[in-house]
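Results of the structural survey
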Number of protein chains: 2
Amino acid sequence: MEADKSTGPAPARRERGKRRDPSAKPLGIPYIVRNIPTYDILGEEGLERIEKTGERILAEIGIEFRDDPAALELWRKAGAKLDGLKVTFEPGMLREIVASAPASFTQHARNPARSVEIGGKSVVFSPAYGSPFVMDLDKGRRYGTIEDFQNFIKLAYSSPWLHHSGGTICEPVDLPVNKRHLDMVYSHIKYSDRAFMGSVTAENRAEESIDMARIVFGRDFVDNNCVILGNVNVNSPLVWDGTMTKAMRAYARANQAAVIVPFILGGAMGPVTNAGAIAQSWAETLAGCALTQLERKGAPVIFGNFLSSMSLRSGSPTFGTPEPAIGSMVVGQLARRLKLPLRCAGNFSNSKLPDGQAMQEGVVSMLSAVHCGANFILHSAGFLDGLLSMSYEKFMMDADFCGALHAYLKGVEFDDNALAFDAFQEVGPGSHFLGSQHTLRNYQTAFWDTELSDNEPFEKWSDEGGSTDIAARANKKWKRTLAEYEAPPLDVAIDDELQDYMNRRKNDVADAWH
Amino acid sequence: MEADKSTGPAPARRERGKRRDPSAKPLGIPYIVRNIPTYDILGEEGLERIEKTGERILAEIGIEFRDDPAALELWRKAGAKLDGLKVTFEPGMLREIVASAPASFTQHARNPARSVEIGGKSVVFSPAYGSPFVMDLDKGRRYGTIEDFQNFIKLAYSSPWLHHSGGTICEPVDLPVNKRHLDMVYSHIKYSDRAFMGSVTAENRAEESIDMARIVFGRDFVDNNCVILGNVNVNSPLVWDGTMTKAMRAYARANQAAVIVPFILGGAMGPVTNAGAIAQSWAETLAGCALTQLERKGAPVIFGNFLSSMSLRSGSPTFGTPEPAIGSMVVGQLARRLKLPLRCAGNFSNSKLPDGQAMQEGVVSMLSAVHCGANFILHSAGFLDGLLSMSYEKFMMDADFCGALHAYLKGVEFDDNALAFDAFQEVGPGSHFLGSQHTLRNYQTAFWDTELSDNEPFEKWSDEGGSTDIAARANKKWKRTLAEYEAPPLDVAIDDELQDYMNRRKNDVADAWH
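What counts, and where the lines are drawn
Residues numbered from 1 in each chain as written. Chains lettered and ligands numbered in written order. Predicted model: local features only at pLDDT ≥ 70, side-chain atom pairs only at ≥ 80, totals over all residues. Heavy atoms only, no water. UniProt positions renumbered as here; feature names shortened; annotations may be inferred. Helix = DSSP H or I, 4+ residues; strand = E, 2+ residues; numbered from the N terminus. Buried < 20%, exposed > 50% of the residue type's maximum accessible area, 1.4 Å probe, protein only. Contact = heavy atoms within 4.5 Å. Buried area = accessible area lost by both parts, 1.4 Å probe. Salt bridge = Lys/Arg side-chain N within 4 Å of Asp/Glu carboxyl O. Polar contact = N/O pair within 3.5 Å; in protein donor to acceptor, adjacent residues only side chain to side chain. Nonpolar A, V, L, I, M, F, W, Y, C, P; charged D, E, K, R; others polar. Axes fitted to C-alpha atoms, helices over the stretch in contact; angles between N-to-C directions. Parallel < 35°, antiparallel > 145°, perpendicular 65-115°, else oblique. Left-handed = near helix turned anticlockwise from the far one by under 90°. Least-squares fit on C-alpha atoms with pLDDT ≥ 70 in both. Pairing = 2+ DSSP bridges. Phe/Tyr/Trp six-rings, centres within 6.5 Å; stacked < 30°, edge-to-face > 60°. Expected span 1.5 Å × (residues − 1). Arc of directions from axis to C-beta. pLDDT = per-residue confidence, 0-100. Disulfide = S-S within 2.5 Å.

Identification of chain A as Methyltransferase from Rhizobium setariae is taken from an unreviewed UniProt entry. Turning to chain A, the UniProt record has this under Sequence similarities (unreviewed entry): "Belongs to the trimethylamine methyltransferase family."

Printed below as a string of structure tokens:
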């Protein structure tokens, strides 16, 4: 199942400078290998009915591909039927095309110890993506800047419970819209040594993101290995915009992985009923995945999932609600039937504060992502305000919860040590296990240990702990974490080359702000 | 599978007074019939190894039964081996005994429209149980009183998302410890018409609780139908105290359901490793369930589950953590292999405030209870402070989340209406579904609608909404709910008889406060 090219030798380029000691901070495993099954909630009949509806959507309704004649030409050559911008597909055609995509692949990090596997039983947590605003308890909500952007990279890098540096963690709106992708990619490389995502907002920005990855990893290595992801969105319902397909094709052309994601708020961009929204999601995503294979057969691609609901009183989108959570479990089943790696949206909420609503909605959606078998969980940490804001406090709370999920995904071991019969022989009825040999042997690894939740008795919490809520503790922690942050070493020659590249690109064109 | 006796006619006694209109407030279904499968995380080998370890604990370590010679005599007659207070059991013996217990039964409510099924695919949400303290945002934490107790009954009754009135929702410590059970049972009957739980803190209190139920339902009906539950705890590890076994036997004798619950904080009352704690839980609970069958063959009984962890730095118990959440899924699998209804602990947290920690921990444990297949979920609403406090605000937040779980447990429908192909034909690519026929036909039932979470845009939330967090909104809502509460009608003759009974019992003995 795993792409053998991903296990090849590191490129010469990587040998130029000092390598980071992989055992240095941050601690933590590079990614999770799940030891619990996925939660499969729908039987064969339901799955087949949804797939059949998806095939009917593709064959009878079709998908529009706008502003990308090359994409239409690829479809024509592949045997799809074109009617203006609308493309329809014979049942089974797209499933056949995506069979060439790998079921699992490695995304390489500049520190090899942090490379992640995407597919199979792997679970990769990545920060939230795409908010125009940031917020914290001190300064409230404001537009994001490159300083915020870098702060979140540093916070993610410092967490042992995240595995990926993410992409557009927040929009750095203090930089020109046509140049900020350069600073974003550079910041990921400079302030983290984990894997990251590039730009998709224009074809040249996608290509320049990949170019910068080539500087780090070497051109040949990049041509044979995935080192950067690009997250592209369907313009649901049933429209692929040229900006997105051109970016997607740029990633595929370079043998890099596009993440293909519909954006369906049931009742607005899709039906209000879950099965219909899932069928649509399947059709839209399948079409995108297939297009990457027409661009470059065998390129890695990730089947994405983004279902949400809306308040039918106010028309506001809603997040972390039960219907999308349960629907995502079905999308997971469908992705596995296609043998494609799965991306799911993780932890999001409509709350404007890091409060009980934020964590209720966040945990519902995050557990859904974990249960549905997602391999790459974007939005694992930070979102508030209905995707519009990255919250410093929520980021820390979510990262701590990602720690809990490391323990959760270990499942239940049942070897002799875990069954602990010797402990019962030692302790017997009516005694306690605190000092038992079995406890002494296991206590250091027994339970996940939170860094933010308070487990003290009430009196200690109120007298010594200052009666804080978790948001106040998270506020202290992100400040301390930023103060203690140390950047991972970066080869000076690579750093210089990246900066040269950025400066040249920036000097090529005038600043644009819209 | 279902006890046929539960479908018998209502007793004559119930006809004495006016019956409530079942369509009156509170709205909501009497209980949930789950439409998603349980989340079975362990395979056959793991389950068998845990059961085998449980059998070895029963056969080689044994369980102590203290201060209840009649229980020892029942065990001796059943063929168990006695060594002082310690009882050991041949492998398979207890599984054979519990085979006589019903896999599912009805607990009748005084309003027949609110009777609940316990077993099979049913899910019943019941408030939290047993806190000495209560707290709210205005007055902070203090000891619970009978007024608080009644307030929580009223709040539970007013929620369409809870199904059961619960038991000792909080300890009314302003009443004598040897008499308060009378006021608690009376309050459940008076202020709600849902099913409820009685006392277990002494044999006579259990019997008096059942006597009061007999006044409401009639003696014959009670002898043939379950109308009251008693929640009894193991003194883990491997000790059953006489107070609990006598109460348990009193419920079984009256053909009422005991809920048999271990209390295992891994590392203290059980091993630090999950599999061992689960094996212990299985052995302790199985022994309790079997004892009810020796007392009265065929009496309903509920297999209970309470796993939690501890902070191995401070020794504090921890709740809503990942290990017990994942362990509960295995306990659910084991309960189904025994064909017994399952009780799980729902929503709890160590937080001292209704904050993000409270909801993170609460949702993790509540979803675990729902996924593991629990039929009766005690502690569905209200707990904070590590089981020590009932929070008014948390109660409202949890009840709202129980509403979300109603939608979640519906799963994904896949009939033609749900698949919505006609909507795609109507809308097509690039349009939206808001005004489509399909949306108009389905929008009223499409998505669960929260009463507490905020889904407005940021500006509306901050300008018109007062920038509230969910706890502040819950604070307003519990006050409004209490102000608008109306008691369900209660037959005057029954009310008088209950009060007579209470007064006689209260006059029999002096007040005791410890």
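After that view, the rundown keeps rolling.
Right, let's get into unusual backbone geometry. Note that the residue after A:Ser236, namely A:Pro237, is joined by a cis bond; omega there is 5°. Here A:Pro237 lies in the loop between strand 11 (228–233) and strand 12 (239–240). With a phi close to 65°, A:Asn255 is a non-glycine residue in the positive phi region. Note that A:Asn255 resides in the loop between helix 8 (242–253) and strand 13 (257–261). The backbone of B:His379 shows a phi angle near 60°, a positive value even though the residue is not glycine. Along the polypeptide, B:His379 turns up in the loop between strand 19 (376–378) and strand 20 (383–384). Owing to a relative accessible area of 5%, B:His379 belongs among the buried residues under this scheme.

At the interface, 116 residues of chain A touch 116 residues of chain B. Where chain A abuts chain B, roughly 9400 Å² becomes buried across the two surfaces, and 69% of that area is made up of carbon and sulfur atoms. Our count for the chain A to chain B interface comes out at six salt bridges. Measuring nitrogen to oxygen at the nearest pair gives 3.3 Å for the salt bridge that ties B:Arg141 to A:Glu459. Where chain A meets chain B, there are 36 residue pairs in polar contact (both at pLDDT 80 or more). Split by residue class, the side of chain A that touches chain B holds 54 nonpolar, 37 polar and 25 charged.

Attention now goes to the packing of helix 5 (residues 180–191) of chain B against helix 6 (residues 203–217) of chain B. Residues and elements named next belong to chain B. Where helix 5 meets helix 6, the axes come as close as 10 Å, and the angle between the chain directions of the two elements is 30°. Taken together, the axis directions place helix 5 and helix 6 in an arrangement best described as roughly parallel. Of the two possible hands of crossing, helix 5 and helix 6 adopt the one that is right-handed. Across the interface between the two elements, His-181, Leu-182, Val-185, Tyr-186 and Ile-189 from helix 5 touch Arg-205, Glu-208, Ser-209, Met-212 and Val-216 from helix 6. When grouped by side-chain class, the residues that make up the contact of helix 5 with helix 6 number six nonpolar, two polar and two charged.

Right, let's talk about the relation of the copies chain A and chain B for a bit. A rotation about some axis, followed by a shift along it, carries one copy of the chain onto the other. The two copies are related by a screw motion: chain A maps onto chain B through a turn of 180° and a shift of 0.0 Å along the axis, at an RMSD of 0.0 Å. Such a combination of rotation and displacement between the chain copies is what one expects of a two-fold axis. Taking C-alpha positions as reference, the residue of chain A nearest the rotation axis is A:Gly356, located at 2.0 Å.

So, on to the sheet that holds strand 21 (residues 389–391) of chain B. All names here are of chain B. Ordered in space as 9-8-21-20, the four strands form an open sheet in which the pairing is mixed. The open sheet has two free edges, formed respectively by strand 9 (140–143) and strand 20, since each of these has just one partner strand. In the packing of helix 12 (residues 392–408) onto the sheet, contacts are made with strand 8 (133–136), strand 9, strand 20 and strand 21, and the angle to strand 21 comes to roughly 65°.

To continue, consider the pattern of salt bridges. Here the structure, examined in full by the defined rule, presents 66 salt bridges over all chains. Across the salt bridge formed by A:Asp40 and A:Arg336, the nearest N and O atoms sit 2.8 Å from each other. With A:Asp40 in the loop between strand 1 (32–33) and helix 1 (44–61) and A:Arg336 in helix 10 (residues 322–338), the pair connects residues that are 296 residues apart, well separated along the chain. With a relative accessible area of 39%, A:Asp40 lands in the partly exposed category. Residue A:Arg336 is classed as partly exposed on the basis of its relative accessible area, which comes to 31%. In this structure, B:Asp136 and B:Arg142 form a salt bridge, with 2.8 Å as the shortest nitrogen-oxygen distance. Residue classification places B:Asp136 among the buried positions, given a relative accessible area of 6%. Residue classification places B:Arg142 among the partly exposed residues on the basis of a relative accessible area of 22%. Because the salt bridges share partners, they merge into one network encompassing A:Asp68, A:Glu203, A:Glu207, A:Arg249, A:Arg253 and A:Glu295.

Taken as a whole and judged by the stated rule, the model has 29 aromatic pairs over all chains. Ring geometry for A:Trp75 and A:Phe89: centres 4.9 Å apart, planes at 75°, overall edge-to-face. Taken as a pair, A:Trp75 in helix 2 (residues 69–78) and A:Phe89 in the loop between strand 4 (86–88) and helix 3 (93–98) lie far apart in primary sequence, 14 residues in all. As far as burial versus exposure is concerned, A:Trp75 and A:Phe89 are alike and both buried. Between the aromatic rings of B:Phe306 and B:Phe319, the centroid separation amounts to 6.4 Å while the plane-to-plane angle is 70°, which identifies the pairing as edge-to-face. Within this pair, whereas B:Phe306 is found in the loop between strand 15 (301–305) and strand 16 (307–310), its partner B:Phe319 is found in the loop between strand 17 (317–318) and helix 10 (322–337), the two being separated by 13 residues in sequence. A relative accessible area of 1% places B:Phe319 in the buried class.

What follows covers the sheet that holds strand 17 (residues 317–318) of chain A. Residues and elements named next belong to chain A. If you walk across this open sheet you meet the three strands as 14-16-17, and the pairing is mixed. The two strands at the open ends of the sheet, each matched to only one other strand, are strand 14 (264–265) and strand 17. Pairing analysis gives two bridges linking strand 16 (residues 307–310) to strand 17, with the strands arranged antiparallel. Looking at strand 17, one finds that Ser-309 is bridged to Thr-318.

Once that is clear, we can look at helix 18 (residues 492–508) of chain B. All names here are of chain B. A rise of 1.5 Å per residue sets the reference length of helix 18, with its 17 residues, at 24 Å; its end C-alpha atoms lie 24 Å apart and thus fit the reference within 8%. Within the span of helix 18, buried status applies to Ile-494, Asp-495, Leu-498, Tyr-501 and Met-502. All buried residues of helix 18 project into a common sector of 130° when viewed along the axis, lining one side. Those residues of helix 18 that are exposed and aimed more than 90 degrees away from the buried face are Val-492, Asn-507 and Asp-508.

So, about helix 9 (residues 274–295) of chain B. The end-to-end C-alpha distance of helix 9 of chain B, which contains 22 residues, comes to 32 Å, matching closely the 32 Å that a straight helix rising 1.5 Å per residue would cover. Of all 22 residues making up helix 9 of chain B, 21 are buried, and the element is well covered by its neighbours.

All names here are of chain A. When pLDDT is averaged across chain A, the result is 94; 95% of the residues are at 70 or more. Long-range and interchain partners of residues 1–24, a stretch whose pLDDT sits below 50, account for 53 contacts in this model, where long-range means more than four residues apart. Across the predicted assembly, pTM comes out at 0.95 and ipTM at 0.95.

Moving on, we come to the state of the cysteines. Within the structure shown, the criterion is met by zero disulfides over all chains. Here A:Cys170 stays free of any disulfide, with the sulfur of A:Cys402 as its closest cysteine sulfur at 18 Å. When its relative accessible area of 0% is taken as the criterion, A:Cys170 is described as buried. Lacking any disulfide linkage, B:Cys289 is separated from the closest cysteine sulfur, that of B:Cys226, by 14 Å. We classify B:Cys289 as buried; its relative accessible area is 0%.

Any two packed helices are characterised by the angle at which their axes cross and by the distance between the axes. Residue and element names in this part refer to chain A. Look at helix 1 against helix 9 (residues 274–295): their axes get within 8 Å of each other, and the N-to-C directions meet at 55°. Taken as axis vectors, helix 1 and helix 9 run oblique relative to one another. In the packing of helix 1 onto helix 9, the handedness of the crossing is right-handed. Between helix 1 and helix 9, the contacting residues are Ile-50, Glu-51, Thr-53, Gly-54, Glu-55, Ile-57 and Leu-58 on the first element and Ala-275, Ile-278, Ala-279, Gln-280, Trp-282, Ala-283 and Leu-286 on the second. Here the residues of the contact of helix 1 with helix 9 sort into nine nonpolar, three polar and two charged.

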